[in-house]
Amino acid sequence: MPKNIITGYPRIGEKRELKFALEDFWSQKISFEKLESIAKNLRKKHWKYQKYEGLDLISINDFSFYDTVLDTSVMLGAVPQRFQEEDKKDQYFAMARGSKNAVAMEMTKWFNTNYHYIVPELCAQDSYKLDASKILTEYAEAKELGLPIKINLLGPISYVALSKRTDGEDTFEFFNKITAVYNELLEVLSKLDDTVYIQIEEPVLSTDDNLKVLSLIKPTYDKFCSISQNLKIIVSTYFEHSNEATKILVNTPIYGLGLDFVAGRENLDTLEDIATSSKKLIAGVVDGRNIWINDFEASLTLLKEISSIVPKDNIIISSSCSLLHVPYSLEHEVKMESEIKSWLSYANEKIIEVNILSKLFFDVDVSHKDVIFIQESLQKNKEANDARKISNKIHDKKVQNRVKNNSKFERTDSFESRIKLQKEILNYPDLATTTIGSFPQTPEVRKSRSEFKKGLLSKTTYEKVMKEYIDNSIKIQEDIGLDILVHGEPERNDMVEYFGEQLDGYGFSQNGWVQSYGSRCVKPPFIYGDISRPKPMTVEWISYAQSKTKKILKGMLTGPVTILNWSFVRDDIPRNEVSEQIAYAINDEIADLQDAGIQIIQVDEAAFKEGYPLRKVNKESYEKWAVDSFKLAVSSADSRTQIHTHMCYSNFNDIIKTINDMDADVITIETARSGNRLLKVFADVGYEKEVGPGVYDIHSPRIPSVSEIKTQINSLLEVLPKQQLWINPDCGLKTRKYDEVVQSLKNMVEAVNLVRNQ
Ligand code: GLN
Ligand code: ZN
């Protein structure tokens, strides 16, 4: 019996080899055969590492050219009609990225992570048909290397729950058709060997949605297990507890349950059920979502607690979820301070942690050399964790006291009195026009920024380039006739990193890439210590921009919740406290901007919705502290200063009350693709603050016509009065080209003028 496994391993490659190969293939620099051979070598390398570092089973089918949910669709033959004409070789990437003939399938966030999956599309006309070739190929490759194998699959309940139907009907209508293909697959897999370990991931069972699907669990998994004695089926959940499902799964003949004890401590409540049923418990104790070293002592205590109920013989040690969500290896972090580095653990280090924990926990017979290594690791782990607890890099009494003594956290006046003052002072028209902040990031600006960072460009030259950019963007905005201007954000590479780099308590990796979608990776900064702002972060640029125009310039900041949600966050204090510390830094920045004469300040909360926990019981507390952080951040604005916020979402139906509680004077949102349909909720709840629903989609190079925007504005006016509406694009313009932007904004302003005169 295996003693230690991981849920899954990243696939993009430690030097992002797969990313570059994919992009070369897409731009026809390499052949498909070449891409395949690069992928094959990567898989081999990844498996060998897992084996070498002592995992008892290595995971296959966690590899993907784009996304494993998309792979599942292909495996099931769930290929939407519009791609069926595509050449077999192009079909897969056409589904992911679109082609000449067909628009791409929708992509959305994988639960509360920053990984995106391709949403399966189900349709009544579909007939599903098994294509096991990918799994069989990977199986054969691993077998040839003589490796012990665990086959990873996405479970049918989660697959169907994550799918959508073009006609909006219930996807579960097709559940039986889908499971029939799974049955067939398991039949095929069962013939591969006398014992075949299969990990079926069912993360949906960790959400509140699971209540709808509980009745499907038993018949589905009874059937799966009846297919062959050879199958050892592990059902894995993660990101939360899955207690309701566990109580059912223990009454099916599955081999084991994989549970997340990091994000779902409540899983401890079902240990009795697991023990009684003699199921194996795959105990996820090494955090697959964060980058901190494990605390071996704490994990061993937890494992002891578990083994006081579930017999030790039935326990397998594991990561809490796939390691897909963390970077590869600390080996490449050569510039990082060694003290900070000693607190971190990426995927490769986490595998070693799983191995050492299992050696310590099971007290297995190992050679003398290993005993020394394990004892040393335990000692080193303890020292690093102890040092981290008291390091002065982390603890800043001033910041801690400020949080402790927090008294003022909202604005003094009510919205009604604020907006009256603001309208008087700022004197902007109804349907005021503005943009979301960034202007196109030109190659020149990118180059200057990166050369300046590397020390290849002097500060004077760098500032000159940035100022020229600002001058130009101000001139463009004035020529177009926008009402409220922005500086264009040329100095920012990324809306979180820019602030993180200027805050104490923030760390940056050199090679901490994590897959976001397809070939796209992000390198999230990490918060290791108490957050403070040594000096103003944006005041110079924004004041400079304001000095260049008589019009009102809107200052641009990122909000505390978004900064938090797009970073790896320290795990030694609660998230809400970290968020509060960031809020203070933003609070100070707003005070400084205001002192410098900036009258409108936008605090972006693009990632506000992403931080929502999976379970309703935890949602309320998140909403409370997230709103409080935002309010704290903007509470330094006096009544005359207008606070905007921006969110990259369109659907506010379930969070409108929370949006209202944030108390921003103006919110700009991403509704261009939904007409006025999703705006209705603002009217329905009697939302009184001002709203800027995006009137055109910035994600495509297409230039919207005047009449199209006019129609859009008129449809917005059916929902909200003109005094309450702002007119702006959907989101920042940094990914677009200048000629697209200028023409689109011209059309937008012209459309507004037509509507104003109508
Ligand atoms: N102010 C930012 C920009 O315009 C907002 C980006 C975002 O919301 N993702 O780029
Ligand atoms: Zn946006």
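The structure we're discussing is the one just above.
As the structure is a prediction and not an experimental result, all values here were calculated from the model.

Let us now look at the site of ligand 1. The local shell around ligand 1 holds 13 residues, among which Ser438, Glu489, Asp604, His646 and Gly732 are the closest. In the environment of ligand 1, a nitrogen atom lies 2.9 Å from a nitrogen or oxygen atom belonging to the side chain of Glu489. With respect to ligand 1, the side chain of His646 contributes an N or O atom lying 3.3 Å from an oxygen atom. When the free accessible area of ligand 1 is taken as 290 Å², the share hidden by the protein chains comes to 92%.

Taken together, the protein ligands of the zinc ion (ligand 2) are His646 (NE2), Cys648 (SG) and Cys731 (SG), with distances of 2.0 to 2.2 Å. Coordination at the zinc ion (ligand 2) is irregular, judged from the 4 donor atoms that bind it and the angles of 76 to 123 degrees they form at the metal. All donors of the zinc ion (ligand 2) come from a single chain, and their spacing in sequence reads H-x1-C-x82-C. You can see His646 sitting in strand E21 (residues 642–646) and its partner Cys731 sitting in the loop between strand E24 (726–727) and helix H27 (738–756), a full 85 residues away along the chain. Grouping residues by exposure puts His646 and Cys731 together as buried.

Under the criterion given, the structure shown has 32 aromatic pairs. With a centroid separation of 4.9 Å and 80 degrees between ring planes, the pair formed by Trp110 and Phe111 is classed as edge-to-face. With respect to class, Trp110 is no different from Phe111; both count as buried. On the basis of an interplanar angle of 45 degrees and a centroid distance of 4.8 Å, the ring pair of Tyr428 and Trp726 is categorised as tilted. Of this pair, Tyr428 sits in the loop between helix H16 (415–426) and strand E12 (432–433) while Trp726 is found in strand E24, placing the two residues 298 residues apart along the sequence. Accessibility assignment for this pair places Tyr428 and Trp726 in one class, buried. Above the face of the Phe362 ring, Lys3 is positioned so that its terminal group lies 4.6 Å from the ring centre. Over the ring of Phe239 we find Arg289; its NZ or CZ atom is 4.7 Å from the centre of that ring.

What follows is about the sheet that holds strand E19 (residues 568–569). The mixed open sheet is built from 3 strands, whose spatial order is E14-E17-E19. Each edge of the open sheet is held by one strand with a lone partner, namely strand E14 (504–507) and E19. Most of the contacts of helix H22 (residues 575–595) go to strand E17 (residues 526–532), to which it runs at about 50 degrees, and overall it touches E17 and E19.

Moving on to the pairing of strand E9 (residues 256–260). With respect to burial, E9 is a largely interior element, 5 of its 5 residues being buried. Residues Gly256, Gly258 and Asp260 of E9 are buried on one face, and the alternating residues Leu257 and Leu259, pointing to the opposite face, are buried as well. Sheet topology places strand E8 (residues 231–236) next to E9; 3 bridges connect them, and they run parallel. Bridging across to E9, Ser236 finds its partner in Gly258. Crossover connection from E8 via helix H9 (residues 243–249) to parallel E9: handedness right-handed. For E9 and strand E10 (residues 280–286), the ladder comprises 5 bridges, and the chain directions are parallel. If you follow Leu257 over to E10, its bridge partner there is Leu281.

This brings us to helix H18 (residues 459–480). A rise of 1.5 Å per residue sets the reference length of H18, with its 22 residues, at 32 Å; its end C-alpha atoms lie 31 Å apart and thus fit the reference within 8%. Within the span of H18, buried status applies to Tyr462, Val465, Met466, Tyr469, Ile470, Ser473, Ile474, Ile476, Gln477 and Ile480. The buried residues of H18 occupy an angular sector of 165 degrees when the element is viewed end-on, so they sit on one face. The exposed set on the far side of H18, more than 90 degrees from its buried face, consists of Thr460, Lys464 and Asp479.

If you check the backbone angles, Ser278 has positive phi at about 55 degrees while not being a glycine. Within the secondary structure, Ser278 sits in the loop between helix H10 (271–277) and E10. Here Leu431, not a glycine, exhibits a phi torsion of approximately 55 degrees, which is positive. Considering the arrangement of structural elements, one finds Leu431 in the loop between H16 and E12. Its relative accessible area of 2% is what places Leu431 among the buried residues.

The next subject is the packing of helix H11 (residues 296–307) against helix H13 (residues 347–362). At a minimum axis distance of 11 Å, the contact between H11 and H13 shows a crossing angle of 55 degrees. As summarised for this structure, H11 and H13 are arranged oblique, according to the angle between their axes. Of the two elements, H11 crosses H13, and the hand of that crossing is right-handed. Residues Phe296, Ser299, Leu300, Leu303, Lys304 and Ser307 of H11 pack against Glu353, Ile356, Leu357, Leu360 and Phe361 of H13. For the contact of H11 with H13, the residue count by class is 7 nonpolar, 2 polar and 2 charged.

Next up on the list: the sheet that holds E10. Pairing is parallel across the open sheet formed by 7 strands, whose spatial order is E1-E5-E7-E8-E9-E10-E11. Two strands in the sheet have a free side with no partner beyond their single neighbour: strand E1 (58–60) and strand E11 (315–319). Strand-to-strand, the axes of this sheet are offset by a mean angle of 30 degrees, without reference to chain direction. Relative to the sheet, H11 contacts E10 and E11, its axis offset from that of E10 by approximately 160 degrees. Most of the contacts of H13 go to E11, to which it runs at about 160 degrees, and overall it touches E10 and E11.

Time to look at the side chain of Arg615. Within the secondary structure, Arg615 is located in the loop between strand E20 (600–604) and helix H23 (616–634). With near-sequence residues (within four places) excluded, Arg615 lies in contact with Leu205, Ser206, Thr207, Asp208, Asn210, Glu240, His241, Ser242, Asn243 and Glu244.

Rules of the game
Residues numbered from 1 in each chain as written. Chains lettered and ligands numbered in written order. Predicted model: local features only at pLDDT ≥ 70, side-chain atom pairs only at ≥ 80, totals over all residues. Heavy atoms only, no water. Near = heavy atom within 4 Å. Polar contact = N/O pair within 3.5 Å; in protein donor to acceptor, adjacent residues only side chain to side chain. Areas by Shrake-Rupley, 256 points an atom, 1.4 Å probe, with all protein chains shown as cover. Donors = N, O, S within 2.8 Å, 3.2 Å for Na, K, Ca; no water. Tetrahedral: all angles 85-135°; square planar, octahedral: opposite > 155°, others 65-115°. Helix = DSSP H or I, 4+ residues; strand = E, 2+ residues; numbered from the N terminus. Buried < 20%, exposed > 50% of the residue type's maximum accessible area, 1.4 Å probe, protein only. Phe/Tyr/Trp six-rings, centres within 6.5 Å; stacked < 30°, edge-to-face > 60°. Lys NZ or Arg CZ within 6 Å of the ring centre and 35° of its normal. Pairing = 2+ DSSP bridges. Contact = heavy atoms within 4.5 Å. Axes fitted to C-alpha atoms, helices over the stretch in contact; angles between N-to-C directions. Right-handed = clockwise from strand over helix to strand, strands pointing away. Expected span 1.5 Å × (residues − 1). Arc of directions from axis to C-beta. Parallel < 35°, antiparallel > 145°, perpendicular 65-115°, else oblique. Left-handed = near helix turned anticlockwise from the far one by under 90°. Nonpolar A, V, L, I, M, F, W, Y, C, P; charged D, E, K, R; others polar.

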